[in-house]
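# Per-entry structural report
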Amino acid sequence: MLRLLSLLQTRRYWPGEELAGQLQVSPRTLRRDIDRLRELGYPIQAQRGVAGGYQLAAGTALPPLVVDDEEAVALALGLRAAAQGAVEGIAESSVRALAKLVQVMPARLRRRVQALGAMTVPASWEGMGGAGRESVDPEVLTTLALACRDTERVRFSYTAAGGEQTGRHVEPHRLVLLGRRWYLVGYDLDRPGWRSYRLDRLASPNGTGVRFRARELPAADAAAFVRAGVQSTRTGYDIEVIVEAPAEVVRERIGRWASVSEISASRCRVRMTADALEWPVLGLGMVGADCQVIAPPELIDWVRDWGARFSRAGQGSGPRTGPE
């Protein structure tokens, strides 16, 4: 039936015999599958007679798609990430798929997804290997995206890095995806000034129904504003390693999380920034090549420690604790 539906979308009209031949089924099976599609809500018209055939009714070049709110957000976010180059080679097709997805969505879901797309500023940051993986409620994303689009003031609960929880009254500007974290950029009315808020620390956003006139952001764009704020408070590690492998090979394996520059045909320099050293050690192991740690000194100790553990594991002579 899915193949039948796909064929019906490629032409305005299909003669019955030709359509059955494409599907390698009998005319009787074809009629049964057409009836099933009609039961599912697809308006398929039929013409009887020797030259009879089938076609989708006008205005149904794409089938209706039924998803709940969270599924719609998940699909849109996944396709937008791919369209921004998260997976090499599929950006263009992801853009087309996203456009088709929005086109066939019910009006209510289409409004929410379009708001999310229009009010989100994509950003990249080389070397974000240690970025957080905190989850964000899709309802929070769409609520804030609509508020950004509609220039509507919002109230929400926010938990600061130190654990203090406060209520905020904000004029939302844009959503920003930086590394693996979502941020809201907005003007705080209780603490007058521009702020960025991590969405994994934000809860219960609600529109107030009060519209506002957009203020001028003190940065080139929302992504630049968030990036500058995060850089000023970062306490992570700046990592530099010389890898004995071609730059292209290293990029294929860890290029999403590191900056790779060629030194020679068989040697490259890898730079990344991380909040902790576990991931850089794993990443260097994934490269599968000899390497020399330039900085920081703490990474050298980690590599030595892990190397000793793996050596013991390979020899079967590691320390044992507890009963056999």
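Residues numbered from 1 in each chain as written. Predicted model: local features only at pLDDT ≥ 70, side-chain atom pairs only at ≥ 80, totals over all residues. Heavy atoms only, no water.

### Looking at the overall build of the protein chain
Selection rule: Numbering of helices and strands runs from the N terminus; a helix is a DSSP stretch of H or I covering at least four residues, while a strand is a stretch of E covering at least two. In what follows, residue pairs with any heavy atoms lying within 4.5 Å of each other are defined as contacts. The protein chains shown are the only cover counted for residues, whose accessible areas, like all others here, come from Shrake-Rupley with a 1.4 Å probe.
From N to C terminus, the protein chain includes eleven helices and 13 strands. The long-range fraction of contacts in the protein chain, counting pairs at least 24 apart against all pairs at least 6 apart in sequence, stands at 61%. As displayed, the protein chain offers around 18,500 Å² of accessible surface, 50% of which is attributable to carbon and sulfur atoms.

### A look at the state of the cysteines
Put simply, the rule is: When two cysteine sulfur atoms are found within 2.5 Å, that pair is recorded as a disulfide. Burial status follows relative accessibility: with a 1.4 Å probe on protein chains alone, a residue under 20% of its type maximum counts as buried, one over 50% as exposed, and anything between as partly exposed.
Taken as a whole, this structure holds zero disulfides when the rule is applied. In this model Cys268 remains outside any disulfide bridge; the closest cysteine sulfur is found in Cys291, 10.0 Å from its own. Judged by relative accessible area, Cys268 falls into the buried class, the value being 0%.

### Focus on the confidence of the model for the protein chain
Reading fine detail from the predicted coordinates is not recommended where pLDDT is low. Definition in use: One confidence number per residue, pLDDT, is output by the predictor and ranges from 0 to 100.
In the predicted model, the protein chain carries a mean pLDDT of 79, and 75% of its residues have values of at least 70. Mean pLDDT across the elements of the protein chain ranges from a minimum in helix α5 (residues 91-104), with 59, to a maximum in strand β5 (residues 152-159), with 94. Segment residues 125-133 is flagged for pLDDT under 50; beyond a separation of four residues in sequence, or across chains, it makes 27 contacts in the model.

### Details of unusual backbone geometry
Looking along the chain, the bond that leaves Ala295 and enters Pro296 is cis, with omega of -5°. Position of Pro296 relative to the elements: it lies in the loop between β13 (291-295) and α11 (297-315). Positive phi values are uncommon outside glycine, yet Gln24 reaches one of about 55°. Summarising the element assignment, Gln24 is placed in the loop between α2 (16-23) and α3 (27-39). Look at Gln24 and you get exposed, because its relative accessible area is 73%. Within the chain, Ser204 stands out as a residue other than glycine whose phi angle is a positive 55°. Take Ser204: it is sitting in strand β9 (residues 202-211).

### Comments concerning the environment of Val226
Within the secondary structure, Val226 sits in helix α8 (residues 222-233). Classification of Val226 by relative accessible area gives buried; the value is 0%. Here the alpha-carbon distance between Val226 and Tyr183, two residues 43 residues apart in the chain, equals 7.5 Å. Not counting the four nearest positions on each side in its chain, Val226 is found in contact with Val176, Leu178, Tyr183, Val185 and Ser196.

### Considering the pattern of salt bridges
Put simply, the test is: Between Lys or Arg on one side and Asp or Glu on the other, a salt bridge is scored when a side-chain nitrogen of the former is within 4 Å of a carboxyl oxygen of the latter.
In this structure the tally under the stated criterion is twelve salt bridges. Between Arg153 and Glu171 there is a salt bridge, with the nearest N and O atoms lying 3.0 Å from each other. Pair noted here: Arg153 is in strand β5 and Glu171 is in strand β6 (residues 165-178), with a separation of 18 residues, a long-range link. Of the residues examined, Arg153 reaches a relative accessible area of 23% and is grouped as partly exposed. On the accessibility criterion, Glu171 (3% relative accessible area) is buried. In this structure, the salt-bridge partner of Arg267 is Glu244, at a minimum N-O distance of 2.8 Å. Of this pair, Arg267 sits in strand β12 (residues 267-274) while Glu244 sits in the loop between β10 (237-243) and α9 (247-254), and the two are 23 residues apart along the sequence. Linked through salt bridges whose partners overlap, the residues forming this network are Arg153, Glu171 and Arg215.

### A word on the packing of aromatic side chains
Threshold: Any two rings among Phe, Tyr and Trp, with Trp reduced to its six-membered ring, count as a pair given centres within 6.5 Å; such a pair is stacked if its planes are under 30 degrees apart, edge-to-face if over 60, and tilted if neither. Note on criteria: charge over ring means Lys NZ or Arg CZ within 6 Å of the ring centre, with the direction from the centre no more than 35 degrees off the ring normal.
Under the criterion given, the structure shown has five aromatic pairs. Ring geometry for Tyr158 against Tyr197: centres 5.3 Å apart, planes inclined by 80°, an arrangement best described as edge-to-face. Here the residue Tyr158 occupies a position in strand β5, and Tyr197 occupies one in strand β8 (residues 193-198), the gap between them amounting to 39 residues. With a centroid separation of 6.3 Å and 40° between ring planes, the pair formed by Trp302 and Trp306 is classed as tilted. Here Trp302 and its partner Trp306 are both found in helix α11, four residues apart, which amounts to about one turn of the helix. Looking at Trp302, the relative accessible area reads 29%, which means it is partly exposed. By way of ring pairs, the aromatic residues Phe156, Tyr158 and Tyr197 are connected into one cluster. The ring of Tyr187 has Arg215 lying over it, and the distance from NZ or CZ to the ring centre is 3.8 Å.

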